Amino acid sequence: MKLKNLLLAAGLGATLVLGACGSDDSSSSDTSKDESTMSDDSSKTETAVDAEKIFANNCASCHGNNLEGNVGPNLTKVGAKLSSEEIQKIIKNGKGQMPAGILKDDKEIVAVADWLAEKK
């Protein structure tokens, strides 16, 4: 009985290890031709998704999850009033009760500012 359980456990373990190590090389070689166009499309999507995540993690506590405002002002139509460059300046330097330096990475600042500038 113990030998049977040991063999069963060894078989399952081997299956898991081999399954985790396997890869599908054929799909990576087939998509290499379209890799540049795929990365261009996905980078645009990632920027929008990243900007939303960055906003949710750093800004939503004051500006609301839906940009409706809370302690900070409503941003639902901020793009109708401010350009991306103006929003970037506010994010970097702060304004009113908003402190400077909440976001430090320039790429994050640009992504969030561009995303907010689209809100019109």
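The structure under discussion appears in the preceding block.
Attention here is on the structure that accompanies the text. These figures come from a predicted structure and were not determined experimentally.

1. Some remarks on the environment of valine 110
Point 1. With respect to the helices, strands and loops of the structure, valine 110 is situated in helix 6 (residues 106–117).
Point 2. Look at valine 110 and you get partly exposed, because its relative accessible area is 33%.
Point 3. The spacing of valine 110 and glutamate 85 is 25 residues in sequence and 8.2 Å in space, taken between C-alpha atoms.

2. Some details on the packing of helix 5 (residues 84–93) against helix 6
Point 1. As a packed pair, helix 5 and helix 6 sit with axes 8 Å apart at the nearest point and diverge in direction by 130°. By the criterion of interaxial angle, the relationship of helix 5 to helix 6 is oblique. Every pair of crossing elements has a handedness; the one defined by helix 5 and helix 6 is right-handed. Contact residues: Ser84, Ile87, Gln88, Ile91 and Lys92 in helix 5; Asp106, Ile109, Val110, Val112, Ala113, Asp114, Leu116 and Ala117 in helix 6.

3. Side note on the layout of surface pockets
Point 1. Considering only enclosed or pocket space, the largest pocket measures out at about 600 Å³ in volume.
Point 2. Mapped by element, the contributors of at least two residues to the lining of the largest pocket are helix 3 (35–58), helix 4 (60–63), helix 5 and helix 6.

4. Some remarks on the packing of aromatic side chains
Point 1. Enumeration according to the criterion identifies one aromatic pair in this entry.
Point 2. Their ring planes at 55° and their centres at 5.5 Å tell us that phenylalanine 55 and tryptophan 115 sit as a pair that is tilted. Highlighted residues: phenylalanine 55 in helix 3 and tryptophan 115 in helix 6, separated in sequence by 60 residues. Comparing phenylalanine 55 with tryptophan 115, the two get one shared label, buried.

5. What to know about unusual backbone geometry
Point 1. Of note in this structure, leucine 67 is not a glycine but carries a positive phi near 65°.
Point 2. Owing to a relative accessible area of 7%, leucine 67 belongs among the buried residues under this scheme.

6. Points about the nonpolar core
Point 1. In terms of nonpolar packing, the biggest core is built from 18 residues, with Phe55, Ile87, Ile91, Val112 and Leu116 touching the most fellow members.
Point 2. Every element with two or more residues in this core is listed here: helix 3, helix 5 and helix 6.
Point 3. Ranked by the residues each element gives to this core, the list is headed by helix 6, at seven residues.
Point 4. Those residues in contact with isoleucine 91, other than ones at most four positions away along the chain, are Met98, Gly101, Leu103, Ile109, Val112 and Ala113.

What counts, and at which threshold
Residues numbered from 1 in each chain as written. Predicted model: local features only at pLDDT ≥ 70, side-chain atom pairs only at ≥ 80, totals over all residues. Heavy atoms only, no water. Helix = DSSP H or I, 4+ residues; strand = E, 2+ residues; numbered from the N terminus. Buried < 20%, exposed > 50% of the residue type's maximum accessible area, 1.4 Å probe, protein only. Axes fitted to C-alpha atoms, helices over the stretch in contact; angles between N-to-C directions. Parallel < 35°, antiparallel > 145°, perpendicular 65-115°, else oblique. Left-handed = near helix turned anticlockwise from the far one by under 90°. Contact = heavy atoms within 4.5 Å. 1 Å grid on protein atoms, 1.4 Å probe; cavity = no way out; pocket = protein on both sides within 12 Å on 5 of 7 lines; lining within 4 Å. Points joined across faces, edges and corners; volume = space filled by probe spheres on them. Phe/Tyr/Trp six-rings, centres within 6.5 Å; stacked < 30°, edge-to-face > 60°. Core = buried A, V, L, I, M, F, W, Y, C linked by side-chain atoms within 4.5 Å.

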